[in-house]
Amino acid sequence: MTESPSFRLNATDGRARSGVIRTGRGEVRTPAFMPVGTAGTVKAMLPESVAATGADILLGNTYHLMLRPGAERVADLGGLHGFMNWDKPILTDSGGFQVMSLAGMRKVAEEGVRFTSHVDGSRHMLSPERSMEIQRLLGSDIVMCFDECLALPAPDKAIAKSMRLSMRWAERSKAAFGERPGHALFGIQQGGLNRELREESAEALVAIGFDGYAIGGLAVGEGQDATFAVLDHAAPMLPHDKPRYLMGVGKPDDIVGAARRGIDMMDCVLPSRSGRTGQAFTRRGTVNLKNARHASDPRPLDDSCTCPACRSYSRAYLHHVFRAGEMISGMLLTWHNLHYYQDLMSGIRDAIREGRFLAFEDEFHALRAEGDIAPL
């Protein structure tokens, strides 16, 4: 596999964009939602089931895979694609966000981050160079540079210090990545909610030069209005001819709003996590299968959905297996949620291509405002 990933923008509607990322392992249609396979699996799903939902690409995680089973072991077993039986593209997070969450178990320095494993208490160092090495061993198609991500709110002085450290780490990540035909490296913009810091970060990343650019440091507690306010100015700072990836987003209305603002790629654990906790996303909003009101409801979750959960099972059954603690509950609801997300992305892409994105967005919000209709 030697074809280097490339991006082609096919259509725009306002600031919304639709295109294709071409990789040696297949095409990624954008805007794209990436299901999260943190530890080499999308929880409660077989890889072929994930593909059946329409997903073009998965996300794996450097931090979790380096701790178990270990990047070297994955490489010895043929790389992450073969290890997890997924032959389409994989993007791997650099591990920076997960390390950030280890409050009291990490120490950040210029060299990198020393941390204690949440798995077994072992000590590790994760640096830009080690992150690049791990992602090379995993065989990621799209590699993320190593960065520091602060939880918000935080003082501008702390955000500026962190952002500039991340830019130095981005330069080291680029040098350590080297020349790898068939693989792409994305830089990550930081700067919190501060426009000037975001601009400084974007200028630094463009000067280094990356195959794509992520907007990091959002969806960490600031709220949707603040996220969208940042996207309004941060996304246009990044190169028009490269993919833009908003990390860790999100809920369906987050996704529609991000696409409106020119975002090409998104990821979130929400569809699978919600599926395991009895929540289903539908055109009319979120359905909580834990509620007793579903106990005798013969309807499908969504009568327009063609996933196995909607095609073959009633709400009453889904309510029953969730309350009974049966594994099939998480399997069916996760499949439905991922199917819904991919249907949403397909609808967004079609609307952009046909020049009717704003009408699509209005209909999306109107249906959700109507809410779930109770059975007769």
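Heads up: the structure comes first, above all this text.
### Section: the sheet that holds strand β7 (residues 106-108)
Strands in a sheet are paired, the pairing made by backbone hydrogen bonds, and the direction either parallel or antiparallel. The strand order β7-β8-β9 describes an open sheet built from three strands, whose pairing is antiparallel. Pairing within the sheet leaves two strands with one partner each, and these edge strands are β7 and β9 (123-126). Strand-to-strand twist across the sheet, computed as the mean angle between neighbouring axes with direction ignored, equals 15°. Two elements, β7 and strand β8 (residues 113-116), share three bridges in a ladder whose sense is antiparallel. Paired with Val108 across the two strands is Val113, which belongs to β8.

### Quick look at the pattern of salt bridges
Using the criterion set out here, one finds 21 salt bridges in the structure. With its nearest N and O atoms 3.3 Å apart, the salt bridge here joins Asp372 to Arg293. Placement of Asp372 in the segment after α15 (357-370) and of Arg293 in the loop between β16 (285-288) and α12 (308-312) is noted, with a sequence separation of 79 residues between them. Of the residues examined, Arg293 reaches a relative accessible area of 39% and is grouped as partly exposed.

### Some details on the packing of aromatic side chains
Taken as a whole, this structure holds eight aromatic pairs when the rule is applied. Relative to Tyr341, the ring of Tyr340 lies with its centre 6.0 Å away and its plane at 75°, an arrangement referred to as edge-to-face. Of the two residues examined, Tyr340 and Tyr341, each falls in the buried class. Feature note: the residues Phe33, Phe281, Tyr340 and Tyr341 constitute an aromatic cluster, connected by ring pairs. Positioned above the aromatic ring of Phe210, the side-chain terminus of Lys174 is 5.9 Å from the ring centre.

### As for the nonpolar core
In terms of nonpolar packing, the biggest core is built from 70 residues, with Leu91, Ile215, Tyr245, Leu246, Ile348 and Phe357 touching the most fellow members. Tallying contributions element by element places helix α14 (residues 327-353) first for this core, with seven residues. With residues near it in sequence (within four places) discarded, Leu246 still touches Ile215, Leu218, Leu231, Ala258, Ile263, Met265, Met266 and Asp267. Within the second largest apolar cluster, 27 residues are counted, among which are Leu80, Met84, Ile90 and Leu102.

### Some thoughts on the environment of Gly371
If you trace the backbone, Gly371 turns up in the segment after α15. Here the alpha-carbon distance between Gly371 and Arg273, two residues 98 residues apart in the chain, equals 22 Å.

### Side note on the sheet that holds strand β4 (residues 32-35)
The eight strands lie next to each other as β4-β14-β13-β12-β11-β10-β6-β5, forming an open sheet whose pairing is parallel. Unpaired on one side and paired on the other, β4 and β5 (58-61) mark the two borders of the sheet. For this sheet, the mean angle separating the axes of adjacent strands, direction not counted, is 25°. As defined by bridge partners, strand β13 (residues 244-246) adjoins strand β14 (residues 265-268) across two bridges and the pair is classed as parallel. Directly across from Leu246, in β14, lies its bridge partner Met266. On the sheet, helix α7 (residues 156-177) packs against β10 (142-144) and β11 (184-189) and is oriented at approximately 175° with respect to β11. Each of β11 and β12 (212-215) touches helix α8 (residues 195-208); the most contacted strand, β11, lies at about 160° to it.

### Structural notes on the packing of helix α10 (residues 252-260) against α14
Direction vectors running N to C along α10 and α14 enclose 25°, while the axes themselves pass 11 Å from each other. The angle between α10 and α14 falls in the class roughly parallel. Between α10 and α14 lies a crossing of right-handed hand. Along its contact with α10, which presents Pro252, Ile255, Val256 and Ala259, the element α14 presents Tyr340, Tyr341, Leu344, Met345 and Ile348. Here the contact of α10 with α14 is built from residues that sort into nine nonpolar, no polar and no charged.

### Some details on the packing of helix α6 (residues 128-138) against α7
Where α6 meets α7, the closest approach of the two axes is 8 Å, and the angle between their N-to-C directions is 40°. Between α6 and α7, the interaxial angle falls into the category oblique. The handedness of the crossing between α6 and α7 comes out as right-handed. Across the interface between the two elements, Pro128, Glu129 and Met132 of α6 pack against Trp169, Arg172, Ser173, Ala176 and Phe177 of α7. The residue makeup of the contact of α6 with α7, split by class, is five nonpolar, one polar and two charged.

Cut-offs and rules
- For every chain, the first residue of the written sequence is number 1, and numbering continues from 1 along that sequence.
- The model is predicted, so local features are restricted to residues of pLDDT at least 70 and side-chain atom pairs to those at 80 or more, both for listing and for counting; the totals for chains, interfaces and linings are taken over all residues.
- Side-chain metrics in this entry use all non-hydrogen atoms of the structure; hydrogen atoms and water are not considered.
- Strands qualify as paired when DSSP identifies two bridges or more between them.
- A helix here means a DSSP run of H or I that spans at least four residues, while a strand means a run of E at least two residues long, and both kinds are numbered starting from the N terminus.
- In this analysis, axes come from line fits to C-alpha atoms, helices being fitted only over the stretch in contact, and the angle between any two N-to-C directions falls in the range 0 to 180 degrees.
- For this analysis, a salt bridge means a side-chain nitrogen from Lys or Arg found within 4 Å of a carboxyl oxygen belonging to Asp or Glu.
- Three labels apply to residues, based on accessible area from a 1.4 Å probe with only protein chains included: buried if under 20% of the type maximum, exposed if over 50%, partly exposed otherwise in between.
- Aromatic contacts are taken between Phe, Tyr and Trp rings whose centres are within 6.5 Å, Trp giving its six-membered ring; a plane angle under 30 degrees counts as stacked, one over 60 as edge-to-face, and the others as tilted.
- Distance and angle both matter: a charge sits over a ring if NZ of Lys or CZ of Arg is within 6 Å of the ring centre and within 35 degrees of the ring normal.
- The definition of a nonpolar core used throughout is a set of buried Ala, Val, Leu, Ile, Met, Phe, Trp, Tyr and Cys residues joined through side-chain atoms within 4.5 Å.
- Any pair of residues with heavy atoms lying within 4.5 Å of one another is described as a contacting pair.
- Every angle not falling under 35 degrees, over 145, or within 65 to 115 is termed oblique; those three ranges are roughly parallel, roughly antiparallel and roughly perpendicular.
- Less than a right angle of anticlockwise turn of the near helix away from the far helix marks a crossing as left-handed, whereas a clockwise turn marks it as right-handed.
- We call Asp, Glu, Lys and Arg charged. Ala, Val, Leu, Ile, Met, Phe, Trp, Tyr, Cys and Pro are nonpolar, and the rest, Gly among them, are polar.

On their own, these measurements won't tell you what the molecule is for.
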